[in-house]
Amino acid sequence: MKISKRKLFLLIIFAYVAFSLYAAYNVFFSSKVISRVHRVVKKENGGVAGGGGDGGAAPFLAEDWNPWEDEQVEYNSELNRRREAFKKHMDKIERKKPKRNKVQIWGKAAIGLYLWEHILEGPLNPTDKVAQWREGELHSGKIDFSFYTGPAVVQGHVPLDMNSLVLVLNGREQQKVAYSTRWLEHVQALVYSRTVSHVAVVLLGNEHCNNNWIGPYLKRNGGFVDLLFVVYDSPWVNDRDVFQWPLGVATYRQFPMVRPNAHMITSTRPYLCNFLGTVYKNSSRETLIQVLKQSGLDKDCITTTREKWLPQETADSLSNYQTALAQSELTLCPVGINTECYRIYEACSYGSVPVVEDVLTPGTCAAGPSSPLRLLKAAGAPFIFVSDWKELPAILEKERGMSQEQRVDRRRRLLEWYASFRQQMKERFTEVLEENFFKNGA
């Protein structure tokens with residue numbers, strides 16, 4: 001019997017649809033699928049593929065078999081291996097980095113600002129000079145410094161997150177000594193509680209070099225202060241645990257950090273010299289003023305005198321003083337209670353050569369061939385030194401004969417020296433702390 005083409009075609013279509021449905025069922029609903037590539041055989045009751053156990057029962061497939069499982073395991077293993085290799089590489093780099101040590105500075109005297117802004121050249125926030133709380137951070141050598149200063153920096157309220165501390169104190173007069181002693185006792189308690197391990201003090205010393213009050217706190221005398229940096233030519237200085245420190249500029253009078261510029265170096269200055277200050281009775285300052293007047297040199301110099309010392313400057317007096325420094329070739333620096341005075345450093349800031357009265361003052365400061373001004377002389381300060389102000393007329397006469405080119409060259413050398421001096425003090429300060437605080441990995 002002949003089958004018509006139409007029926008044959010329909011039969012083929014029916015068979016195709018039936019097969020497709022069967023295949024779809026096996027793919028999506030049947031859990032027992034045999035792969036042509038992988039045949040996973042599970043032993044049942046100790047049987048072996050192809051026979052054994054249950055009379056040679058046929059093996060069956062693992063129901064949870066994943067055809068990509070082996071590849072995923074291999075991928076994860078490789079990923080973990082690479083991660084571990086990268087971690088070891090980063091650890092190796094970290095070990096090669098120089099170790100950073102942390103030191104905190106508490107500025108409880110105005111010379112702390114000279115240390116931080118002029119020597120270390122650190123930033124301060126806020127920039128408002130009369131703010132109650134100011135702080136900053138910087139890196140020097142292998143040390144990360146943090147600095148806190150201002151009236152609101154009080155005992156027990158400074159965030160101490162390191163065990164090495166520099167305390168900046170004023171020991172110039174008895175009232176300041178009492179205040180500084182309280183801070184030392186506070187730090188001593190921190191040392192005894194093992195909160196702080198290393199302590200250094202930067203001290204504005206007494207102008208007669210009478211600093212006996214701090215002696216018992218030094219480690220060499222059974223105290224806890226490892227290092228002392230002291231202003232003026234103290235006989236204690238040995239460059240082992242006691243170091244000399246520069247007086248610097250009068251930051252307590254808001255004298256700023258001056259940045260030299262081309263005009264400061266090359267400008268023609270209208271005055272030969274300047275002296276703005278207090279003239280004490282029966283002092284060499286009286287001699288200085290007399291010499292200027294008698295020789296008629298006061299017309300070539302800016303002079304403003306007063307009979308009584310004032311602790312603070314007005315905005316106008318500070319501006320006038322800075323103008324005098326910037327417009328004078330020389331700044332006259334007579335001795336006060338001590339030979340070292342703020343005026344020396346302030347003159348250097350403006351490139352006005354200090355003419356320094358090189359005589360020892362009464363007191364217990366070190367006497368020797370390099371005293372007074374031992375630190376500045378050792379650094380090769382390019383100053384003019386006089387032992388008597390009667391030498392001044394000859395100095396100013398020589399000054400008149402200098403060309404502008406010579407004056408500009410001298411001014412440049414003075415500014416370069418002062419910048420180099422501050423850099424040397426920065427490096428020395430940092431190196432001394434590194435050597436004494438961290439040499440054993442403490």
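Residues numbered from 1 in each chain as written. Predicted model: local features only at pLDDT ≥ 70, side-chain atom pairs only at ≥ 80, totals over all residues. Heavy atoms only, no water.

1. With respect to the confidence of the model for the protein
Taken over all residues, the pLDDT of the protein has a mean of 88, while the share at 70 or more is 87%. Below a pLDDT of 50 lies the segment residues 32-62, which in the model reaches 20 contacts outside its immediate sequence neighbourhood of four places, other chains included. (pLDDT = per-residue confidence, 0-100. Contact = heavy atoms within 4.5 Å.)

2. As for the sheet that holds strand β4 (residues 164-170)
Read from one edge of the open sheet, seven strands run β2-β3-β1-β4-β5-β6-β7, paired in mixed fashion. Unpaired on one side and paired on the other, β2 (134-140) and β7 (242-245) mark the two borders of the sheet. Neighbour-to-neighbour, the strand axes of this sheet turn through a mean angle of 20°, independent of strand direction. Lying on the sheet, helix α4 (residues 174-192) is in contact with β1 (101-107), β4 and β5 (198-204); it crosses β4 at an angle near 165°. Where helix α11 (residues 404-437) meets the sheet, it contacts β1, β2, β3 (143-149), β4, β5, β6 (227-231) and β7, and its direction lies at approximately 155° from that of β6. (Pairing = 2+ DSSP bridges. Helix = DSSP H or I, 4+ residues; strand = E, 2+ residues; numbered from the N terminus. Axes fitted to C-alpha atoms, helices over the stretch in contact; angles between N-to-C directions.)

3. Topic: the pattern of salt bridges
Per the stated rule, a full pass over the model turns up 17 salt bridges. A salt bridge links Arg 400 to Asp 300, with the shortest nitrogen-to-oxygen separation between them at 2.4 Å. Here Arg 400, found in helix α10 (residues 392-400), pairs with Asp 300, found in the loop between α6 (284-294) and β9 (301-306); they are 100 residues apart in sequence, far enough to count as distant. The exposure class assigned to Arg 400 is partly exposed, which follows from its relative accessible area of 38%. The exposure class of Asp 300 is partly exposed, given its relative accessible area of 25%. (Salt bridge = Lys/Arg side-chain N within 4 Å of Asp/Glu carboxyl O. Buried < 20%, exposed > 50% of the residue type's maximum accessible area, 1.4 Å probe, protein only.)

4. Looking at the sheet that holds strand β8 (residues 271-278)
By way of backbone hydrogen bonds, the strands of a sheet pair with one another, either parallel or antiparallel. Across the sheet, which stays open at both edges, the five strands sit in the order β9-β8-β10-β11-β12 with parallel pairing between neighbours. Edge positions in the sheet fall to β9 and β12 (384-386), since each of these pairs with one other strand and no more. Across the sheet, the mean angle from the axis of one strand to that of its neighbour is 20°, orientation sign disregarded. As defined by bridge partners, β8 adjoins strand β10 (residues 328-333) across three bridges and the pair is classed as parallel.

5. Overview of empty space enclosed by the protein
Following the criterion strictly, the structure yields one cavity of 30 Å³ or more and no others. Every residue lining the largest cavity is listed: Tyr 232, Asp 233, Asn 338, Thr 339, Glu 340, Val 359, Leu 360, Thr 361, Cys 365, Ala 366, Pro 372 and Leu 373. By residue class, the composition of the lining of the largest cavity is seven nonpolar, three polar and two charged. (1 Å grid on protein atoms, 1.4 Å probe; cavity = no way out; pocket = protein on both sides within 12 Å on 5 of 7 lines; lining within 4 Å. Points joined across faces, edges and corners; volume = space filled by probe spheres on them. Nonpolar A, V, L, I, M, F, W, Y, C, P; charged D, E, K, R; others polar.)

6. A look at the packing of helix α3 (residues 111-119) against α11
It is the contact of α3 with α11, at a shortest axis distance of 10 Å, that shows an interaxial angle of 110°. In terms of orientation, α3 lies roughly perpendicular with respect to α11. Across from Tyr 114, Leu 115, His 118 and Ile 119 in α3, the residues of α11 making contact are Tyr 418, Arg 422, Met 425, Lys 426 and Phe 429. In the contact of α3 with α11, the residues fall into six nonpolar, one polar and two charged. (Parallel < 35°, antiparallel > 145°, perpendicular 65-115°, else oblique.)

7. Comments concerning α6
Note: α-helices contain 3.6 residues per turn, so residues at a spacing of three or four share the same orientation. Among all positions of α6, only Ser 284, Arg 285, Leu 288, Ile 289, Val 291 and Leu 292 are buried. Each buried residue of α6 lies within a common arc of 160° when the element is viewed along its axis, so the set occupies one face. Looking at α6, the residues exposed on the side facing more than 90 degrees away from the buried face are Lys 293 and Gln 294. Structurally, α6 contributes buried residues whose contacts are with β8, β9, β10, α8 (342-349), β11 (353-357) and α10. Backbone geometry just downstream of α6 places Gly 296 in the positive-phi region, at approximately 75°. (Arc of directions from axis to C-beta.)

8. Describing the side chain of Asn 101
Among the secondary structure elements, Asn 101 is positioned in strand β1. Other than its neighbours up to four places away in sequence, Asn 101 contacts Lys 142, Ile 143, Asp 144 and Phe 438.

9. As for the state of the cysteines
Evaluation of the coordinates by the stated rule reveals two disulfides. For Cys 209, the disulfide goes to Cys 365, at an S-S distance of 1.9 Å. Disulfide Cys 209-Cys 365: torsion about the S-S bond near 90°, hence right-handed. One end of the pair, Cys 209, is in the loop between β5 and β6; the other, Cys 365, is in the loop between β11 and α9 (374-378), and 156 residues separate them in sequence. (Disulfide = S-S within 2.5 Å.)

10. With respect to the packing of aromatic side chains
In the structure shown here, the tally under the stated rule is 18 aromatic pairs. With centroids separated by 5.4 Å and ring planes inclined at 25°, the aromatic side chains of Phe 229 and Phe 243 adopt a geometry described as stacked. Here Phe 229 is found in strand β6, whereas its partner Phe 243 is found in strand β7, with 14 residues between them in sequence. Classification of Phe 243 by relative accessible area gives buried; the value is 5%. Geometrically, the ring pair formed by Phe 437 and Phe 438 is edge-to-face, given 6.0 Å between the ring centres and 80° between the ring planes. (Phe/Tyr/Trp six-rings, centres within 6.5 Å; stacked < 30°, edge-to-face > 60°.)

11. Structural notes on the side chain of Ser 234
One can find Ser 234 in the loop between β6 and β7. Ser 234 gets classed as buried once you look at its relative accessible area, which sits at 1%. Here Ser 234 is in contact with Cys 209, Ala 366 and Arg 374, once residues within four sequence places are set aside.

12. Some words on the packing of α8 against α11
Relative orientation of the contacting elements α8 and α11 amounts to 120°, with a least axis distance of 8 Å. The angle between α8 and α11 falls in the class oblique. In contact with Tyr 345, Cys 348 and Ser 349 of α8, α11 contributes Leu 414, Leu 415, Trp 417, Tyr 418 and Phe 421. Grouping the constituent residues of the contact of α8 with α11 by class yields seven nonpolar, one polar and no charged.

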